[in-house]
Amino acid sequence: MTAIIYNQFRGYLLKSVQTSLLRRRLGIRAAFEILSFHREVISHSCDQAACVDCVTFVKVLQEVKMDGYCKLAIIEKVRCFPSGVISAEQFQKLFDELDKDPVRQHPPQPVYQSRFLQILQIIGSHRYFDYLGNIVALANLISICVVLMIDAEKAGSERDDFSLGAINCFFILYYVLEMVLKMFSLGIKNYISYPSNIFDGFLTFILLVLEIATFALYKFPHPGWKPDMQGLLSLWEMVRLVNMFIVFRFLRIIPNMKMMALVAGTLLDLVKNLRAFAGILVVVYYVFAIIGIDLFRGVLPNPRNTSSPANGNTTNETAQCGTFEQLEYWPNNFDDFAAALVTLWNVMVVNNWQVFLEAFSRYTNPWSKLYFVAWWLVSSVIWVNLFVALILENFIHKWDRSYRHSLSAAQQVEYHMTVQLMFREDLEEPTDEELLDRLHHHPHLHLSR
C-alpha cells in the first residue's frame, strides 16, 4: 500500500510541477516579448533576433515584488552581459535565481597584530577545536550517566555528591573557556551569527550562573560535601537537571556526519513544508469529528452520573477483561468536539481500536463500525502512507544530490530545496516554439510577430 500510494503521489506531484514549470516559462517568455517590443518601438529598429535592453530590464525589475537577494542576484548577472542586451535564452536563465537561497555572509573576524593572539585565534576558529568540544561533551555525558547509575540504588544521604560536583566544576570551566576563546577568535558578531554558538553560549551561561550560586550557598566541592536538599527544585537539583542539556551539545556532531546530516536535513525540510500537509489533516479531523458528534453524541453511558459509586466499581470488577467498561475508556466519546478529536486520534494510531468498534456497535448498532473503518482507512492507511511518501521523496532527492559530483560544494549550499529542483531531472523543458504558439493563442496578449 505504501508503494502504491508513493507511486501515485509522485506521479500526481510530478504532473503538477510540470504544469507549474510551464506557467513560469510562459510568464517569463511573455515578459520578454513585451520588453523586446518596447525596445523596437523606442529604437525604431526591427532586428531579426529579438532581445531586451539591459537598462530597461533593470528599471522594470526594480518595480517587481521579489525577495531582495533574488533581485540583487539577477541584477548582478545582467550587468555581466557585455553587449548590453539580453537574448530569450539568457532571459529565461536569469530567473533561475528564484530557486536559490541567499548565501549567508558571516561578519569578518577581528585582526590581531600580536603573534601569540594570532595563534590563539587560529586555535579557536579551527574546526578541530569544534571536534574537541564534541569529544568533551561526550565525556561529560558519559560521566554524568555513570555517576547517576552508581547513585541510583543509594539513598539520598549515602550518595557521593562530591564526584558530581567536581565533574560539574571541570566541564563547566572548559565550556566557559571554549566560549571565551571562540568569542575572541571569531568576534562577538561572528560568534552569534552561528545558531549552534548561540545555544552553546546560552547553555554555558546558565550552567555558570547556577554553579556560582551553588558555590555561594554550599561552598566548593570537597570530600563529604552534602548540599542541603530544599525540595524538588532545590539549587543542586537544578544544576543536575541543566546538566542533562549537555546531550544537546553533543548533537553538534550531526553536520559533521554525512548520513546523520541527511536525516536531519530531511526532518527540517518536512517541518518547513508541512503546513499544507497538516492543513489537510486538520480538515479531515474536523469533518470526521463533526460527523461522529452527530452520530454518537450521548450514546455511551457516563458512570459519573450514577447515583451509587459502588455500582460503578462493581460493574468494573465484573466486566470482561479488555472491554470498554473494564478499561474505563469512558472519556473516549463523541459528546463534545475535544473528546471526539481524542477518540479519532486513538483510532488513527490503532490504540485498542477493536475495543472502540465493539463498544459503539454494542451501544448503537453494528453499522457504526463503517464509520470507524472509514476513518482508519483515511487516516492510518492513506494519510500516514502519504506522509511516508513525502519523507521518502525528500530523503531520496537529498541522497541523490549528496552523491552528485556535477555540483560543486558551493552550489550544494547555495541551492534551495524547491519542488522544481526535486524533480529537475524528470521535468521536460518546453520548447521555444511551444511557448510562442501558446502566447499567440492567448486571449489577452497580442504579439507583434
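Residues numbered from 1 in each chain as written. Predicted model: local features only at pLDDT ≥ 70, side-chain atom pairs only at ≥ 80, totals over all residues. Heavy atoms only, no water.

Going by the annotation in an unreviewed UniProt entry, the name recorded for the protein chain is Ion transport domain-containing protein, with Staurois parvus given as the source organism. Per UniProt, the comment on the protein chain under Subcellular location (unreviewed entry) is "Membrane". (UniProt positions renumbered as here; feature names shortened; annotations may be inferred.)

Colleague: Would you mind showing me how to read the overall build of the protein chain here?
Modeller: Helix and strand counts for the protein chain stand at 20 helices and 2 strands. Taking all 449 residues of the protein chain together, 35% fall into the buried category. Taking all contacts inside the protein chain whose residues are at least 6 apart in sequence as the whole, residues at least 24 apart take part in 74%. Accessible surface computed for the protein chain: about 27400 Å², of which carbon and sulfur atoms make up 65%. (Helix = DSSP H or I, 4+ residues; strand = E, 2+ residues; numbered from the N terminus. Buried < 20%, exposed > 50% of the residue type's maximum accessible area, 1.4 Å probe, protein only. Contact = heavy atoms within 4.5 Å. Areas by Shrake-Rupley, 256 points an atom, 1.4 Å probe, with all protein chains shown as cover.)

Colleague: Even after reading the chapter, I still don't get the nonpolar core, so can you show me in this structure?
Modeller: The nonpolar side chains of a soluble globular protein tend to be buried, and buried together. Within the largest apolar cluster, 25 residues are counted, with the highest numbers of intra-cluster contacts made by Phe324, Phe334, Leu344, Phe360, Tyr371, Phe372 and Trp375. When residues of this core are traced back to their parent elements, those giving at least two are α13 (275–296), α15 (337–348), α16 (353–363) and α17 (369–402). Apart from residues lying up to four places away in sequence, Tyr371 is in contact with Phe288, Ala289, Ile291, Gly292, Leu295, Phe296, Phe334 and Leu344. Core analysis: the next-biggest nonpolar cluster, separate from the first, contains 18 residues, Cys54, Leu61, Ile75 and Ile86 among them. (Core = buried A, V, L, I, M, F, W, Y, C linked by side-chain atoms within 4.5 Å.)

Colleague: Quick question: what am I supposed to make of the packing of aromatic side chains here?
Modeller: Each aromatic ring pair is specified by the distance between its two centres and by the angle formed by the two planes. One pass over the full model with this rule turns up 26 aromatic pairs. Clustering of aromatic rings is evident, with ring pairs tying together Tyr285, Phe288, Phe296, Phe334, Phe360, Tyr371, Phe372 and Trp375. Taking NZ or CZ as reference, Arg127 lies 4.9 Å from the ring centre of Tyr128, over its face. (Phe/Tyr/Trp six-rings, centres within 6.5 Å; stacked < 30°, edge-to-face > 60°. Lys NZ or Arg CZ within 6 Å of the ring centre and 35° of its normal.)

Colleague: Would you explain the UniProt feature "transmembrane region" (unreviewed entry) in the protein chain in this entry?
Modeller: Mapped onto this structure's residue numbering, the UniProt feature "transmembrane region" (unreviewed entry) falls at residues 131–150, 162–177, 198–218, 238–255, 276–296 and 370–392. Taken end to end, residues 131–150 is 100% helix and 0% strand, and its first and last C-alpha atoms sit 29 Å apart. End C-alpha to end C-alpha, residues 370–392 measures 31 Å, and it is 100% helix and 0% strand.

Colleague: Could you clarify how one ought to interpret unusual backbone geometry in this entry?
Modeller: Residues apart from glycine generally show negative phi values, whereas peptide bonds are mostly found in trans. In this model, Glu328 sits at a positive phi of 55°, which is unusual for a non-glycine residue. Examined against the element boundaries, Glu328 turns out to sit in the loop between α14 (309–318) and α15. A relative accessible area of 47% places Glu328 in the partly exposed class. Its identity is not glycine, yet Val350 carries a phi of approximately 55°, on the positive side.

Colleague: Sorry, what's going on with the pattern of salt bridges here?
Modeller: Between side chains of opposite charge, a pair can form when the charged atoms approach closely. Evaluation of the coordinates by the stated rule reveals 8 salt bridges. For the salt bridge of Arg29 with Glu33, the shortest nitrogen-to-oxygen distance reads 3.0 Å. Of this pair, Arg29 and Glu33 are both found in helix α1 (residues 2–43), 4 residues apart, which corresponds to roughly one turn of the helix. Each member of the pair Arg29 and Glu33 is classed as buried. (Salt bridge = Lys/Arg side-chain N within 4 Å of Asp/Glu carboxyl O.)

Colleague: In this structure, what is going on with α15? I would like to understand it.
Modeller: A rise of 1.5 Å per residue sets the reference length of α15, with its 12 residues, at 16 Å; its end C-alpha atoms lie 16 Å apart and thus fit the reference within 8%. Residues Ala339, Ala340, Thr343, Leu344, Asn346, Val347 and Met348 constitute the buried set of α15. Two residues or fewer past α15, Val350 is found with a positive phi of approximately 55°. (Expected span 1.5 Å × (residues − 1).)

Colleague: Help me understand the packing of helix α2 (residues 54–62) against helix α3 (residues 68–78), please; the structure alone is not making it clear to me.
Modeller: A pair of packed helices is characterised by two quantities: the angle between their axes and the separation of those axes. Two numbers describe how α2 lies on α3: the axes approach to 11 Å, and their chain directions differ by 175°. Taken together, α2 and α3 sit at an angle that is classed as roughly antiparallel. For the pair formed by α2 and α3, the contact residues are Cys54, Phe57, Val58, Leu61 and Gln62 on the first element and Lys71, Ile74, Ile75 and Val78 on the second. Its residues placed into classes, the contact of α2 with α3 shows 7 nonpolar, 1 polar and 1 charged. (Axes fitted to C-alpha atoms, helices over the stretch in contact; angles between N-to-C directions. Parallel < 35°, antiparallel > 145°, perpendicular 65-115°, else oblique. Nonpolar A, V, L, I, M, F, W, Y, C, P; charged D, E, K, R; others polar.)

Colleague: Could you clarify how one ought to interpret the side chain of Thr343 in this entry?
Modeller: Along the polypeptide, Thr343 turns up in helix α15. Judged by its relative accessible area of 0%, Thr343 is buried. Those residues in contact with Thr343 that sit more than four places away from it in its chain are Asn332, Asn333, Phe334 and Phe356.

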